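# Tertiary structure, described
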Amino acid sequence: MLSPAPKNAPLDAALFRRKLSTWYRAHARVLPWRNVTDPYRTWLSEVMLQQTRVAAVIEHYQHFLRRFPTILALALAPEAEVLASWSGLGYYRRARMLHKAAKFVTEELGGALPSTSVELRTLPGIGEYTSAAIASIAFGESIAVVDGNVERVLLRLTGRPEKRDASGRAFVQQQASALVPNRRISKRANAAGDHNQAMMELGATICLPKAPLCLNCPVYSMCRTRGEHLTPPRKVQLSRPAAYLLSLRKRGTNTEVLLQLRTEDASLMPGMYELPPLPQDSVQGREPMLRLRHAITNTNYYVQVYAPSGPQDRGLRRSVPAAKNDLHWIQTNRLATRPLTGLTRKVLQRLGVMTVHLPKLPATKTPSHPA
Ligand code: SF4
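A brief report on the enclosed structure follows. (Residues numbered from 1 in each chain as written. Predicted model: local features only at pLDDT ≥ 70, side-chain atom pairs only at ≥ 80, totals over all residues.)

### What about the overall build of the protein chain?
The criterion, for reference: The helix and strand labels rest on DSSP assignments: H or I over at least four residues marks a helix, E over at least two residues marks a strand, and numbering proceeds from the N terminus. Between the buried cut of 20 or more and the exposed cut of 12 or fewer other C-beta atoms within 10 Å of a residue's own C-beta lies the partly exposed class, and all C-beta atoms are placed from the backbone. Contacts are defined on C-beta atoms placed from the backbone: any two residues whose C-beta positions lie within 7 Å are in contact.
Each helix and strand in the protein chain was counted, giving 13 helices and eight strands. Every one of the 371 residues in the protein chain was classed for burial, and the buried ones make up 33%. For the protein chain, contacts bridging at least 24 residues in sequence account for 68% of all contacts bridging at least 6.

### What to know about unusual backbone geometry
One non-glycine residue, Tyr91, lies in positive phi territory at about 45°. Exposure remark for Tyr91: the 16 C-beta atoms within 10 Å place this residue in the partly exposed category.

### Looking at the site of the ligand
The following threshold applies: Nearness rests on one distance test: the residue's C-beta atom, set from the backbone, must lie within 6 Å of the molecule or strand. Residue type decides the class: Asp, Glu, Lys and Arg count as charged, Ala, Val, Leu, Ile, Met, Phe, Trp, Tyr, Cys and Pro as nonpolar, and the leftover types, Gly among them, as polar.
Lining the immediate surroundings of the ligand are 14 residues, of which Cys207, Pro212, Cys214, Cys217 and Cys223 lie closest. Of the residues that constitute the shell around the ligand, the class distribution is 10 nonpolar, two polar and two charged.

### Points about the environment of Thr158
Note on placement: Thr158 falls in helix 9 (residues 148-158). Along the backbone, Thr158 and Val172 are 14 residues apart, and their C-alpha atoms lie at a distance of 9.7 Å. Setting aside residues no more than four positions away along its own chain, Thr158 makes contact with Gln175 and Arg224.

### What to know about helix 11 (residues 191-205)
Counted only if it meets this: Expected helix span is given by 1.5 Å per residue-to-residue step, counting one fewer step than there are residues.
The terminal C-alpha atoms of helix 11 lie 21 Å apart, and with 15 residues this matches the ideal 21 Å at 1.5 Å per residue to within 8%. Counting buried residues in helix 11 gives 12 out of 15 residues, a clear majority hidden from the surface. All buried positions along helix 11 are accounted for by Ala191, Ala192, Gly193, Asp194, His195, Asn196, Gln197, Ala198, Met199, Glu201, Leu202 and Gly203. The inward-facing, buried residues of helix 11 contact helix 1 (13-27), helix 8 (128-139) and helix 9.

### Re the sheet that holds strand 5 (residues 277-278)
Where we set the bar: What makes two strands pair is DSSP finding at least two bridges between them. Lines fitted to the C-alpha atoms define the axes, with helices restricted to the stretch that makes contact. Angles between their N-to-C directions range from 0 to 180 degrees.
One open sheet accounts for four strands, arranged 5-1-7-6; its pairing is mixed. The strands lining the two open edges of the sheet, one partner per strand, are strand 5 and strand 6 (290-296). Each of strand 1 (238-245), strand 6 and strand 7 (299-306) is contacted by helix 13 (residues 342-350), which is oriented at about 150° to strand 6, the strand it contacts most.

Spelled out as C-alpha coordinates, the structure:
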(Lines give C-alpha, C1' and ligand atoms only; values in the text may rest on other atoms or scores of the structure.)
Protein backbone atom coordinates (compact mmCIF):
# COMPACT_ATOMS: atom_id res chain seq x y z
CA MET A 1 0.00 0.00 0.00
CA LEU A 2 1.29 3.48 -0.83
CA SER A 3 2.17 5.64 2.15
CA PRO A 4 0.12 8.85 2.49
CA ALA A 5 1.40 11.99 0.78
CA PRO A 6 3.77 13.97 3.06
CA LYS A 7 1.96 16.55 5.18
CA ASN A 8 3.73 19.62 3.87
CA ALA A 9 4.18 18.74 0.21
CA PRO A 10 2.12 21.07 -2.02
CA LEU A 11 -0.63 19.43 -4.05
CA ASP A 12 0.31 18.87 -7.67
CA ALA A 13 -2.73 20.60 -9.19
CA ALA A 14 -2.17 19.38 -12.75
CA LEU A 15 -1.79 15.75 -11.65
CA PHE A 16 -4.82 16.03 -9.38
CA ARG A 17 -6.96 17.42 -12.22
CA ARG A 18 -5.83 14.67 -14.60
CA LYS A 19 -6.66 11.88 -12.14
CA LEU A 20 -9.99 13.43 -11.21
CA SER A 21 -11.06 14.10 -14.77
CA THR A 22 -10.18 10.56 -15.96
CA TRP A 23 -12.22 9.11 -13.11
CA TYR A 24 -15.15 11.49 -13.69
CA ARG A 25 -15.39 10.67 -17.39
CA ALA A 26 -15.64 6.97 -16.55
CA HIS A 27 -17.77 7.08 -13.41
CA ALA A 28 -20.00 10.18 -13.41
CA ARG A 29 -23.64 9.37 -12.70
CA VAL A 30 -26.00 10.01 -15.58
CA LEU A 31 -28.22 12.85 -14.34
CA PRO A 32 -30.77 14.80 -16.38
CA TRP A 33 -29.07 18.15 -15.80
CA ARG A 34 -25.63 16.99 -16.94
CA ASN A 35 -24.40 17.94 -20.43
CA VAL A 36 -27.33 20.26 -21.08
CA THR A 37 -26.78 23.43 -23.07
CA ASP A 38 -29.61 25.55 -21.68
CA PRO A 39 -28.30 27.62 -18.70
CA TYR A 40 -31.86 27.72 -17.30
CA ARG A 41 -31.67 23.95 -16.74
CA THR A 42 -28.36 24.27 -14.92
CA TRP A 43 -29.76 27.08 -12.80
CA LEU A 44 -32.89 25.09 -11.93
CA SER A 45 -30.92 21.98 -10.99
CA GLU A 46 -28.51 23.94 -8.78
CA VAL A 47 -31.37 25.59 -6.90
CA MET A 48 -33.25 22.29 -6.47
CA LEU A 49 -30.12 20.44 -5.31
CA GLN A 50 -29.56 22.79 -2.37
CA GLN A 51 -30.15 20.66 0.75
CA THR A 52 -32.14 18.10 -1.24
CA ARG A 53 -31.36 14.51 -2.23
CA VAL A 54 -30.50 13.84 -5.88
CA ALA A 55 -33.25 11.19 -6.20
CA ALA A 56 -35.94 13.66 -5.07
CA VAL A 57 -34.59 16.33 -7.40
CA ILE A 58 -34.62 14.07 -10.47
CA GLU A 59 -38.35 13.50 -10.11
CA HIS A 60 -39.23 17.16 -9.51
CA TYR A 61 -36.78 18.58 -12.04
CA GLN A 62 -38.43 16.75 -14.89
CA HIS A 63 -41.92 17.63 -13.75
CA PHE A 64 -41.00 21.29 -13.23
CA LEU A 65 -39.39 21.57 -16.66
CA ARG A 66 -42.42 20.10 -18.33
CA ARG A 67 -44.60 22.71 -16.66
CA PHE A 68 -42.11 25.61 -17.04
CA PRO A 69 -39.80 24.75 -19.95
CA THR A 70 -38.28 28.23 -20.26
CA ILE A 71 -37.44 31.23 -18.11
CA LEU A 72 -40.29 33.08 -19.82
CA ALA A 73 -42.84 30.36 -18.98
CA LEU A 74 -41.70 30.48 -15.37
CA ALA A 75 -41.83 34.28 -15.24
CA LEU A 76 -45.39 34.39 -16.60
CA ALA A 77 -46.78 31.77 -14.18
CA PRO A 78 -48.64 32.75 -10.99
CA GLU A 79 -46.59 32.13 -7.86
CA ALA A 80 -49.14 29.63 -6.51
CA GLU A 81 -48.55 27.41 -9.57
CA VAL A 82 -44.79 27.59 -9.12
CA LEU A 83 -45.16 26.59 -5.46
CA ALA A 84 -47.53 23.76 -6.44
CA SER A 85 -44.93 22.36 -8.82
CA TRP A 86 -42.29 22.70 -6.11
CA SER A 87 -44.45 20.86 -3.58
CA GLY A 88 -42.55 18.00 -1.97
CA LEU A 89 -39.09 19.56 -2.38
CA GLY A 90 -39.34 21.78 0.71
CA TYR A 91 -37.54 25.06 1.38
CA TYR A 92 -40.16 26.97 -0.60
CA ARG A 93 -38.22 30.22 -0.39
CA ARG A 94 -36.06 28.76 -3.16
CA ALA A 95 -39.09 28.51 -5.46
CA ARG A 96 -40.21 32.05 -4.65
CA MET A 97 -36.72 33.44 -5.34
CA LEU A 98 -36.39 31.43 -8.56
CA HIS A 99 -39.71 32.83 -9.75
CA LYS A 100 -38.73 36.36 -8.76
CA ALA A 101 -35.41 36.03 -10.57
CA ALA A 102 -37.12 34.66 -13.71
CA LYS A 103 -39.38 37.73 -13.73
CA PHE A 104 -36.38 40.02 -13.34
CA VAL A 105 -34.47 38.28 -16.14
CA THR A 106 -37.53 38.52 -18.41
CA GLU A 107 -38.46 42.10 -17.62
CA GLU A 108 -35.02 43.69 -17.21
CA LEU A 109 -32.47 41.51 -18.99
CA GLY A 110 -34.25 40.63 -22.21
CA GLY A 111 -34.83 37.03 -21.08
CA ALA A 112 -31.16 35.94 -21.06
CA LEU A 113 -29.51 34.70 -17.89
CA PRO A 114 -26.29 36.64 -17.11
CA SER A 115 -23.16 34.64 -17.90
CA THR A 116 -20.72 35.71 -15.18
CA SER A 117 -20.72 34.85 -11.48
CA VAL A 118 -20.60 38.54 -10.55
CA GLU A 119 -23.72 39.37 -12.56
CA LEU A 120 -25.52 36.20 -11.50
CA ARG A 121 -25.14 37.20 -7.87
CA THR A 122 -27.30 40.24 -8.47
CA LEU A 123 -30.33 37.98 -9.06
CA PRO A 124 -32.73 37.11 -6.22
CA GLY A 125 -31.82 33.86 -4.47
CA ILE A 126 -28.46 33.39 -6.18
CA GLY A 127 -25.58 33.44 -3.72
CA GLU A 128 -21.90 32.66 -3.88
CA TYR A 129 -22.24 28.92 -4.40
CA THR A 130 -25.04 29.00 -6.99
CA SER A 131 -23.50 31.82 -9.01
CA ALA A 132 -20.17 29.96 -9.22
CA ALA A 133 -21.89 26.71 -10.17
CA ILE A 134 -23.99 28.26 -12.96
CA ALA A 135 -21.13 30.43 -14.27
CA SER A 136 -18.69 27.51 -14.48
CA ILE A 137 -21.03 24.72 -15.59
CA ALA A 138 -23.20 26.66 -18.04
CA PHE A 139 -20.74 29.34 -19.20
CA GLY A 140 -17.27 27.89 -18.55
CA GLU A 141 -16.07 30.56 -16.12
CA SER A 142 -12.92 29.54 -14.30
CA ILE A 143 -14.25 29.79 -10.76
CA ALA A 144 -14.27 27.20 -7.97
CA VAL A 145 -17.51 25.84 -6.56
CA VAL A 146 -17.38 24.95 -2.88
CA ASP A 147 -20.21 22.97 -1.36
CA GLY A 148 -20.16 20.61 1.63
CA ASN A 149 -18.87 17.73 -0.51
CA VAL A 150 -15.99 19.75 -1.94
CA GLU A 151 -15.07 21.09 1.47
CA ARG A 152 -14.89 17.57 2.91
CA VAL A 153 -12.71 16.30 0.03
CA LEU A 154 -10.30 19.22 0.35
CA LEU A 155 -9.96 18.96 4.13
CA ARG A 156 -9.28 15.23 3.94
CA LEU A 157 -6.94 15.63 1.02
CA THR A 158 -4.86 18.26 2.77
CA GLY A 159 -5.23 16.89 6.31
CA ARG A 160 -6.40 20.25 7.60
CA PRO A 161 -8.79 20.04 10.60
CA GLU A 162 -12.25 21.43 9.99
CA LYS A 163 -12.67 25.00 11.26
CA ARG A 164 -16.02 26.72 10.92
CA ASP A 165 -14.59 30.24 11.09
CA ALA A 166 -13.47 32.74 8.44
CA SER A 167 -9.91 31.37 8.29
CA GLY A 168 -11.22 27.81 7.76
CA ARG A 169 -13.51 28.96 4.94
CA ALA A 170 -10.73 31.02 3.35
CA PHE A 171 -8.41 28.00 3.39
CA VAL A 172 -10.94 25.76 1.63
CA GLN A 173 -11.74 28.45 -0.93
CA GLN A 174 -8.07 29.02 -1.65
CA GLN A 175 -7.43 25.28 -2.11
CA ALA A 176 -10.44 24.90 -4.39
CA SER A 177 -9.41 27.92 -6.46
CA ALA A 178 -5.87 26.59 -6.87
CA LEU A 179 -7.22 23.36 -8.37
CA VAL A 180 -9.85 24.71 -10.76
CA PRO A 181 -8.62 24.78 -14.38
CA ASN A 182 -7.87 28.15 -15.83
CA ARG A 183 -9.75 28.65 -19.08
CA ARG A 184 -6.70 30.15 -20.72
CA ILE A 185 -4.64 27.00 -20.26
CA SER A 186 -7.42 24.61 -21.19
CA LYS A 187 -8.42 23.62 -24.69
CA ARG A 188 -11.90 22.73 -23.49
CA ALA A 189 -14.32 25.57 -22.89
CA ASN A 190 -16.13 23.80 -20.05
CA ALA A 191 -13.06 22.45 -18.23
CA ALA A 192 -13.89 24.42 -15.08
CA GLY A 193 -17.51 23.25 -15.08
CA ASP A 194 -16.50 19.61 -15.53
CA HIS A 195 -13.86 19.94 -12.81
CA ASN A 196 -16.33 21.44 -10.34
CA GLN A 197 -18.88 18.75 -11.07
CA ALA A 198 -16.19 16.08 -10.68
CA MET A 199 -15.16 17.48 -7.27
CA MET A 200 -18.76 17.40 -6.07
CA GLU A 201 -19.25 13.92 -7.53
CA LEU A 202 -16.16 12.64 -5.72
CA GLY A 203 -17.53 13.92 -2.41
CA ALA A 204 -21.04 12.60 -3.09
CA THR A 205 -20.09 9.09 -4.22
CA ILE A 206 -16.57 8.24 -2.92
CA CYS A 207 -15.36 10.57 -0.17
CA LEU A 208 -18.49 9.90 1.88
CA PRO A 209 -18.97 11.64 5.25
CA LYS A 210 -19.02 8.52 7.46
CA ALA A 211 -17.17 5.83 5.51
CA PRO A 212 -15.12 7.11 2.57
CA LEU A 213 -14.43 4.53 -0.13
CA CYS A 214 -10.74 5.34 -0.22
CA LEU A 215 -9.70 2.23 -2.13
CA ASN A 216 -11.85 3.41 -5.06
CA CYS A 217 -10.64 6.99 -4.85
CA PRO A 218 -8.88 8.39 -7.92
CA VAL A 219 -6.70 10.70 -5.81
CA TYR A 220 -5.83 8.14 -3.12
CA SER A 221 -2.10 8.47 -3.77
CA MET A 222 -2.29 12.24 -3.18
CA CYS A 223 -4.45 12.12 -0.06
CA ARG A 224 -2.92 12.90 3.32
CA THR A 225 -5.57 11.30 5.52
CA ARG A 226 -7.20 8.39 3.62
CA GLY A 227 -10.27 8.11 5.76
CA GLU A 228 -8.60 9.06 9.03
CA HIS A 229 -9.85 12.63 8.98
CA LEU A 230 -12.47 13.27 11.61
CA THR A 231 -15.80 14.54 10.38
CA PRO A 232 -17.51 16.44 13.22
CA PRO A 233 -20.66 14.70 14.47
CA ARG A 234 -23.88 15.87 12.88
CA LYS A 235 -26.28 17.96 14.90
CA VAL A 236 -28.44 15.87 17.20
CA GLN A 237 -31.73 14.88 15.55
CA LEU A 238 -34.76 16.19 17.43
CA SER A 239 -38.05 14.31 17.66
CA ARG A 240 -41.44 16.01 17.72
CA PRO A 241 -44.97 14.61 17.64
CA ALA A 242 -47.47 16.28 15.29
CA ALA A 243 -51.19 15.61 14.80
CA TYR A 244 -53.37 16.60 11.83
CA LEU A 245 -57.03 16.37 10.92
CA LEU A 246 -58.19 14.71 7.73
CA SER A 247 -61.73 15.84 6.99
CA LEU A 248 -63.43 14.93 3.71
CA ARG A 249 -66.88 15.74 2.36
CA LYS A 250 -68.90 15.09 -0.79
CA ARG A 251 -70.20 17.96 -2.91
CA GLY A 252 -72.13 16.60 -5.89
CA THR A 253 -69.77 14.23 -7.65
CA ASN A 254 -66.71 15.90 -6.15
CA THR A 255 -64.83 15.07 -2.98
CA GLU A 256 -63.39 17.94 -0.99
CA VAL A 257 -60.72 17.99 1.71
CA LEU A 258 -60.43 20.60 4.44
CA LEU A 259 -57.08 22.43 4.33
CA GLN A 260 -55.60 25.31 6.24
CA LEU A 261 -53.89 28.12 4.35
CA ARG A 262 -50.78 29.31 6.17
CA THR A 263 -50.87 33.07 6.47
CA GLU A 264 -48.60 35.26 4.35
CA ASP A 265 -46.75 36.43 7.46
CA ALA A 266 -46.08 32.89 8.73
CA SER A 267 -42.35 32.42 9.35
CA LEU A 268 -42.38 29.03 7.64
CA MET A 269 -44.07 28.13 4.36
CA PRO A 270 -46.34 31.20 4.04
CA GLY A 271 -49.13 30.86 1.47
CA MET A 272 -49.01 27.04 1.51
CA TYR A 273 -51.91 24.70 2.23
CA GLU A 274 -51.66 22.01 4.88
CA LEU A 275 -53.94 19.63 6.77
CA PRO A 276 -55.25 21.49 9.83
CA PRO A 277 -52.93 20.81 12.81
CA LEU A 278 -54.53 19.45 15.99
CA PRO A 279 -53.32 20.12 19.55
CA GLN A 280 -51.82 17.01 21.15
CA ASP A 281 -54.30 17.01 24.04
CA SER A 282 -57.25 16.81 21.62
CA VAL A 283 -56.09 13.43 20.28
CA GLN A 284 -55.29 11.73 23.59
CA GLY A 285 -56.72 8.21 23.58
CA ARG A 286 -57.73 8.29 19.90
CA GLU A 287 -56.39 5.93 17.28
CA PRO A 288 -54.90 7.66 14.21
CA MET A 289 -55.76 6.46 10.72
CA LEU A 290 -52.13 7.00 9.63
CA ARG A 291 -48.76 7.22 11.31
CA LEU A 292 -45.62 8.33 9.49
CA ARG A 293 -42.27 9.92 10.07
CA HIS A 294 -41.36 13.11 8.24
CA ALA A 295 -37.85 14.56 8.50
CA ILE A 296 -37.21 18.29 8.10
CA THR A 297 -33.56 19.36 8.52
CA ASN A 298 -32.57 18.09 11.99
CA THR A 299 -36.08 17.28 13.25
CA ASN A 300 -38.01 14.03 12.88
CA TYR A 301 -41.74 14.65 13.06
CA TYR A 302 -43.77 11.67 14.22
CA VAL A 303 -46.99 12.47 12.44
CA GLN A 304 -50.40 11.09 13.27
CA VAL A 305 -53.43 11.78 11.11
CA TYR A 306 -56.92 11.61 12.57
CA ALA A 307 -60.24 11.50 10.74
CA PRO A 308 -63.65 11.99 12.36
CA SER A 309 -65.29 8.58 12.04
CA GLY A 310 -68.38 8.76 14.21
CA PRO A 311 -70.39 10.86 16.64
CA GLN A 312 -67.70 10.50 19.33
CA ASP A 313 -65.21 12.22 17.00
CA ARG A 314 -67.27 15.31 16.21
CA GLY A 315 -65.29 17.33 18.73
CA LEU A 316 -62.14 16.72 16.70
CA ARG A 317 -63.04 19.31 14.09
CA ARG A 318 -63.81 21.86 16.81
CA SER A 319 -60.33 21.27 18.25
CA VAL A 320 -58.65 22.83 15.21
CA PRO A 321 -57.24 26.12 16.51
CA ALA A 322 -57.06 27.80 13.07
CA ALA A 323 -59.26 30.83 12.32
CA LYS A 324 -62.30 29.97 10.20
CA ASN A 325 -61.09 32.23 7.39
CA ASP A 326 -57.92 30.20 7.05
CA LEU A 327 -59.80 26.92 6.46
CA HIS A 328 -60.80 26.01 2.91
CA TRP A 329 -62.55 23.07 1.28
CA ILE A 330 -60.48 22.09 -1.76
CA GLN A 331 -61.65 19.66 -4.44
CA THR A 332 -59.37 16.64 -4.36
CA ASN A 333 -59.04 16.62 -8.16
CA ARG A 334 -57.55 20.14 -7.96
CA LEU A 335 -54.94 19.38 -5.31
CA ALA A 336 -52.11 19.02 -7.80
CA THR A 337 -52.46 22.68 -8.77
CA ARG A 338 -52.40 23.97 -5.17
CA PRO A 339 -49.24 24.81 -3.23
CA LEU A 340 -49.28 22.03 -0.61
CA THR A 341 -46.66 21.53 2.05
CA GLY A 342 -44.50 18.46 1.44
CA LEU A 343 -45.96 16.66 4.45
CA THR A 344 -49.56 17.32 3.38
CA ARG A 345 -48.81 16.06 -0.10
CA LYS A 346 -47.20 12.94 1.35
CA VAL A 347 -50.17 12.21 3.64
CA LEU A 348 -52.80 12.81 0.96
CA GLN A 349 -50.94 10.59 -1.49
CA ARG A 350 -50.36 7.88 1.11
CA LEU A 351 -54.10 7.84 1.90
CA GLY A 352 -55.13 7.84 -1.77
CA VAL A 353 -56.88 11.23 -1.45
CA MET A 354 -54.52 12.71 -4.01
CA THR A 355 -52.96 11.05 -6.96
CA VAL A 356 -50.12 12.88 -8.57
CA HIS A 357 -48.82 12.17 -11.98
CA LEU A 358 -45.27 13.22 -12.48
CA PRO A 359 -44.92 12.76 -16.21
CA LYS A 360 -41.51 11.82 -17.49
CA LEU A 361 -39.94 14.13 -20.01
CA PRO A 362 -39.52 12.55 -23.40
CA ALA A 363 -35.92 11.50 -23.98
CA THR A 364 -34.21 14.79 -24.72
CA LYS A 365 -31.17 15.31 -26.83
CA THR A 366 -28.52 16.59 -24.49
CA PRO A 367 -25.62 17.73 -26.60
CA SER A 368 -22.31 18.24 -24.86
CA HIS A 369 -20.77 21.59 -24.19
CA PRO A 370 -18.69 22.78 -27.10
CA ALA A 371 -15.25 21.22 -27.02
S1 SF4 B 1 -8.45 8.88 -0.24
FE2 SF4 B 1 -10.32 8.68 0.98
S3 SF4 B 1 -10.30 10.42 2.38
FE4 SF4 B 1 -8.81 10.84 0.75
S5 SF4 B 1 -9.97 12.05 -0.74
FE6 SF4 B 1 -10.07 9.91 -1.39
S7 SF4 B 1 -11.96 9.12 -0.44
FE8 SF4 B 1 -11.48 11.05 0.58
